[in-house]
Amino acid sequence: MALPRVAIVGATGYTGAELLRILLQHPGVEVTALAAREKLAPRVSAVLPSFTGLCDLPIEAFDADALAAKADVAFCALPHGASVACVSALHARGMKVLDLSADFRLRSVDLYQQWYGAAHAAPELLAQAVYGLPELHREKIRGATLVAVPGCYPTASTLPLLPLLAAGLVRPEGIIIHALSGVSGGGRTPAAAYHFPETSEGARLYKVAGTHRHTPEIEQVLGDVLPAAPTVTFTPTLAPMTRGILSTQYATPTRELRAVDLVEAARAYYAGSPSVAVLDAGVLPDTLWVRGSNRAMLGYAVDARANRVVAMGVIDNLVKGASGQAVQCMNLALGLDEGAGLRGSAVFP
Ligand SMILES: NC(=O)c1ccc[n+]([C@@H]2O[C@H](COP(=O)([O-])OP(=O)(O)OC[C@H]3O[C@@H](n4cnc5c(N)ncnc54)[C@H](OP(=O)(O)O)[C@@H]3O)[C@@H](O)[C@H]2O)c1
């Protein structure tokens, strides 16, 4: 039987390259087309030498008709704002689309306009999009034709909190999230802020105090297990590493709790979730334990002195925070095993 055919749009970027790396090893699909904007080439290896001898596909200019003729599924790994037109054109041609940008993540057009500074260009399609956090929306993703793949910070910041909020173990008010991101989170386009001398030996706070665009996305995800979306304080930080997100969340417990109670709640919540590992109480997660893998590792502690729960999550921003999670969603949308092509362990050290 012919395998589902897959196209990657934005194949020359970091998440596009990561999609190609994962999909070339996937047993259940075949990559048949690659597209980009400027870095076009007769062979992908001319732009991404790591694929020399592994993939001979050309990188072509985006053409919705040509892609729809060559593939059944499209991953769009494009900047937000640029993605919506490509996603709409491919979806209209009957392709299943997995969008890695933020264009279809916020369900409210008003929130989108508020945070992204422009009216949503395809509100009818937005209504059909499913938010692709498999651990929360597995059943919806199974039938989806358009999946909005979550952001990296929201994935690392909500996976630890969801079981605690769903079980009523912590209060939704007053949650504080501080997260570190590796520099690849900023994409491949060069900029002074991501230049080696300005990132390799320091850590930099940015977009603090409710100004980072992942804030409403985090609130939307947490709101899916609550009567209403909470308001959180989110503080992102650029850290001197290429890959990785380390998110620490602080919340007030609703009763006296031990770390082991939180671990047990999270293990019960994520039973049957192949990409989530809940560490034993007392074990603190490390980004090196998930680097290159589609795994999220969660840890829990209780600061009884300050009456605070401390929840922690680590992911690889390019894998569970983007391309791996997108493939996980594709597996569900195509009726494949959720973990197909995603079972590799971390690249350690
Ligand atoms: N990096 C991460 O950790 C991460 C995590 C989660 C989600 N995301 C999201 O995933 C998307 C891709 O991120 P990335 O880090 O892979 O970005 P990137 O490295 O900058 O790559 C962007 C890709 O999109 C193409 N492109 C750029 N501008 C375009 C435009 N105006 N129209 C059409 N194509 C355009 C580029 O093609 P050329 O090379 O030919 O210019 C390139 O293939 C973004 O929406 C990002 O927010 C990223």
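Up top is the structure these notes are about.
Note that this is a predicted model, so its numbers are computed, not measured. Within each chain, residues carry numbers counting from 1 in the order of the written sequence. The model is predicted, so local features are restricted to residues of pLDDT at least 70 and side-chain atom pairs to those at 80 or more, both for listing and for counting; the totals for chains, interfaces and linings are taken over all residues. Water and hydrogen atoms were dropped before computing side-chain values, which therefore reflect all heavy atoms in the structure.

A. Geometry of the pattern of salt bridges. Think of a salt bridge as a Lys or Arg side-chain nitrogen and an Asp or Glu carboxyl oxygen that are within 4 Å of each other. Per the counting criterion, the structure on display carries 17 salt bridges. A salt bridge links Asp 72 to Arg 5; its shortest N-O distance comes to 2.9 Å. With Asp 72 in the loop between helix 2 (64-70) and strand 4 (73-76) and Arg 5 in strand 1 (residues 5-9), this residue pair connects regions lying 67 residues apart in the sequence. Categorising residues by exposure relies on relative accessible area from a 1.4 Å probe, with only protein chains included: less than 20% of the type maximum marks a residue as buried, more than 50% marks it as exposed, and the intermediate range marks it as partly exposed. Judged by relative accessible area, Arg 5 falls into the partly exposed class, the value being 28%. A salt bridge links Asp 280 to Arg 267; its shortest N-O distance comes to 2.7 Å. With a gap of 13 residues between them, Asp 280 in the loop between strand 12 (276-278) and strand 13 (296-303) and Arg 267 in helix 11 (residues 259-269) connect regions that are remote in the sequence. Put simply, DSSP H or I for four residues or longer makes a helix, DSSP E for two residues or longer makes a strand, and each gets a number counted from the N terminus.

B. Spatial organisation of a nonpolar patch on the surface. A contiguous nonpolar patch, built from Val 283, Leu 288, Trp 289 and Phe 348 and spanning about 340 Å² of accessible area, is present on the exposed surface. Tracing the backbone shows Val 283 in the loop between strand 12 and strand 13. Patches in this entry comprise residues that are over 30% relatively accessible and not in a salt bridge; like charges within 9 Å are linked, as are nonpolar side chains (Val, Leu, Ile, Met, Phe, Trp, Tyr) within 5 Å. The protein chains shown are the only cover counted for residues, whose accessible areas, like all others here, come from Shrake-Rupley with a 1.4 Å probe.

C. Spotlight on the packing of aromatic side chains. Working definition: a ring pair exists when centres of Phe, Tyr or Trp rings (six-membered ring for Trp) sit within 6.5 Å. Plane angles under 30 degrees give stacked, over 60 give edge-to-face, the rest tilted. Taken as a whole and judged by the stated rule, the model has three aromatic pairs. Residues Tyr 112 and Tyr 116 carry aromatic rings whose centres are separated by 5.0 Å and whose planes lie at 20 degrees to one another, so their mutual orientation is stacked. Highlighted residues: Tyr 112 and Tyr 116, both in helix 4 (residues 109-116), separated by four residues, approximately one helical turn. A single burial state applies to Tyr 112 and to Tyr 116, both of which are buried. Each ring, one from Tyr 269 and one from Tyr 270, has its centre 5.0 Å from the other, and the planes form 85 degrees; the classification is edge-to-face. On the basis of relative accessible area, Tyr 270 is assigned to the buried category, the value being 4%.

D. View of the packing of helix 6 (residues 134-142) against helix 12 (residues 319-333). Here the axes come from fitting lines to C-alpha atoms, over the contacting stretch only for helices, and the angles between their N-to-C directions go from 0 to 180 degrees. Two elements in contact, helix 6 and helix 12, have axes whose closest approach is 9 Å; the angle formed by their N-to-C orientations is 35 degrees. Between helix 6 and helix 12 lies a crossing whose hand is right-handed. Where helix 6 abuts helix 12, its residues Pro 134, Glu 135, Arg 138, Ile 141 and Arg 142 lie against Lys 320, Gln 325, Gln 328, Cys 329, Leu 332 and Ala 333. Gly falls in the polar group here, along with every residue not listed as nonpolar (Ala, Val, Leu, Ile, Met, Phe, Trp, Tyr, Cys, Pro) or charged (Asp, Glu, Lys, Arg). Looking at the contact of helix 6 with helix 12, its residues break down into five nonpolar, two polar and four charged. In a left-handed crossing the near helix is turned counterclockwise from the far helix by less than a right angle, and in a right-handed crossing that turn is clockwise. Residues are treated as being in contact if the distance between any of their heavy atoms lies within 4.5 Å.

E. Fine view of the site of the ligand. One heavy atom within 4 Å of a molecule or strand makes the whole residue count as near it. Around the ligand sit 28 residues, and of these Thr 12, Thr 15, Glu 38, Leu 78 and Arg 188 come closest. Here a polar contact is taken to be a pair of N or O atoms separated by no more than 3.5 Å, where protein atoms must pair a possible hydrogen donor with a possible acceptor and residues adjacent in sequence count only if both atoms sit in side chains. Glu 38 is positioned such that a nitrogen or oxygen atom in its backbone is 2.6 Å from an oxygen atom of the ligand. Measuring from a nitrogen atom of the ligand, one finds a backbone N or O atom of Ser 184 at 3.0 Å. Expressed as a share of its isolated accessible area of 900 Å², the protein-covered part of the ligand is 84%. Among the elements of the structure, helix 1 (14-24) and helix 12 are those that each provide at least two residues to the shell around the ligand.

F. Representation of the sheet that holds strand 7 (residues 146-148) in the model. Strands are labelled as partners when DSSP assigns at least two bridges between them. The seven strands lie next to each other as 3-2-1-4-5-7-6, forming an open sheet whose pairing is parallel. Among the strands making up the open sheet, the edge pair consists of strand 3 (59-61) and strand 6 (130-131).

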